[in-house]
Amino acid sequence: MDSEVGPLRTVLLHRPGNELKRLTPRNNDQLLFDGVPWVGRAQEEHDAFAATLTARGVEVLLLADVLTQALEDNRARIAGIHSAVNERRLGIDLADALRSHLTSLPAPQLAQALMTGMTFEELPAAEGASLVRKMHLPIDFAVDPLPNLLFTRDSSVWVGDRVAITSLALPARDRETTLTDLIYAYHPRFRRTGRAYGAHSAPLEGGDVLLLAPGVIAIGVGERTTPAGAESFARSALADGLAHTVLAVPIAQERATMHLDTVCTMVDRDAVVMYPAISDNLSAYPVRSDGNGGVRVDGPVPFLEAAAEAMGIERLRVIDTGLDPVTAEREQWDDGNNTLAVGPGLVVAYERNVETNERLEANGIEVLRIAGSELGSGRGGPRCMSCPIDRAPLV
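The name given to the chain in an unreviewed UniProt entry is Arginine deiminase, with the source organism recorded as Lentzea aerocolonigenes. You can read under Subcellular location (unreviewed entry) in the UniProt record for the chain the words "Cytoplasm". Looking at the chain in UniProt, the text filed under Pathway (unreviewed entry) is "Amino-acid degradation; L-arginine degradation via ADI pathway; carbamoyl phosphate from L-arginine: step 1/2."

The following block contains the structure:
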């Protein structure tokens, strides 16, 4: 896969499940949601999203299904259980009891436990006294839920025929990459897939990685991806021949612009939809091979100019999110920039971003509108909710 807009063949989604029912006004901030979603409606909206893709010939893989299939391999079970049981939180005795319980579960129930988490009242019956149990509330989490699994874009990135397992920045998302990693390691479909980006220690999230064109990758550096994460990914991509230019793009370290794809996404071979407040001052540091096994870092230079030069085009067409500043700010917050390209000039977008969608269509982009009133409560749009696995090459 070498672009954001090549015809989409296969995508990984996660249908929201019981992990979203763990969200309360008491914990939603900690779990990175801006509200408490209506789960049934979120599932209906997600089903419609998946159906929209299927109707366009896209193969939709659901994370719960491929995780369950991977967990049929005992090595995957061991890895998943190891990641879920925090001995420092539970103590040795309770941790051993929980491991034993999880080991006894068939794959479908184990997958649910790993995604949904477990409260102390859901732990297996006690065998003797436990101070840990006694001093925790029954509704406290013994295994944290993973409501952000909905955003499959972040925990893995496909470049060419390789997959990069990323390193997520915030504690609430720590275990997501473990589940993604074991899917790619042990699911029969993926176990021969080559890996990219070996340095997992430096934070890098998939929402910050844009494949602008064959050989050209942009990486946002801000709240979630660090300069070290961007450099590690750039070095790996250049060394493996997956790119000739990587653009490291500084973005504001704040909730509204947590990833590069919250302010800019590709909608055609030569076009982006972009938040106008940043389009003129977004910069980039081009990173290229120095020919001796190292890298050369230039810049900063204007992002739009650097992108067009690296892509070999005269200019990158920019479609603004709204015309007036208030509408632009509202629609950027509501993921107006976060579109998923199904093919060149064909994107999925939230229906509520009325003006942005009209501007896209006025610029020749076909928009497939989906509802997202509940899906958007975790601050993510169609691109955030999808991990493209395979796209046809651009010709």
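The next subject is the UniProt feature "active site" (unreviewed entry) in the chain. Under the feature "active site" (unreviewed entry), the UniProt entry names C384. In this fold, C384 is placed in the loop between β19 (366–370) and β20 (387–391). With sequence-adjacent residues up to four places away left out, C384 is seen in contact with L150, F151, T152, R153, D261 and N338.

Attention now moves to the pattern of salt bridges. Evaluation of the coordinates by the stated rule reveals 25 salt bridges. As a salt-bridge pair, R9 and D390 come within 3.5 Å of each other at their nearest N and O atoms. Here D390 lies in strand β20 and R9 lies in strand β1 (residues 8–13), a separation of 381 residues in the sequence. Residue D390 is classed as partly exposed on the basis of its relative accessible area, which comes to 27%. The shortest N-O distance in the salt bridge between R317 and D270 comes to 3.2 Å. Linking R317 in strand β16 (residues 317–320) with D270 in the loop between β11 (264–268) and β12 (271–274), this pair joins segments that are 47 residues apart in sequence. Here R317 falls in the partly exposed class, since its relative accessible area comes to 21%. Residues participating in the shared-partner salt-bridge network are E4, D261 and R383.

Moving on to the nonpolar core. If you look at the biggest cluster of nonpolar residues, it comprises 64 residues, and the most contacted ones within it are L71, L102, L182, Y184, I217 and F233. The element best represented in this core is helix α6 (residues 107–116), accounting for 6 residues. Domain assignment of the residues forming this core places at least three in each of domain 1 (8–64 + 147–391) and domain 2 (67–143). Setting aside its immediate chain neighbours within four residues, Y184 contacts L12, S156, W158, V163, I165, F190, R191, R195, C387 and I389.

Cut-off values and rules
- Residues numbered from 1 in each chain as written.
- Predicted model: local features only at pLDDT ≥ 70, side-chain atom pairs only at ≥ 80, totals over all residues.
- Heavy atoms only, no water.
- UniProt positions renumbered as here; feature names shortened; annotations may be inferred.
- Helix = DSSP H or I, 4+ residues; strand = E, 2+ residues; numbered from the N terminus.
- Contact = heavy atoms within 4.5 Å.
- Salt bridge = Lys/Arg side-chain N within 4 Å of Asp/Glu carboxyl O.
- Buried < 20%, exposed > 50% of the residue type's maximum accessible area, 1.4 Å probe, protein only.
- Core = buried A, V, L, I, M, F, W, Y, C linked by side-chain atoms within 4.5 Å.
- Domains from an automatic or database assignment.

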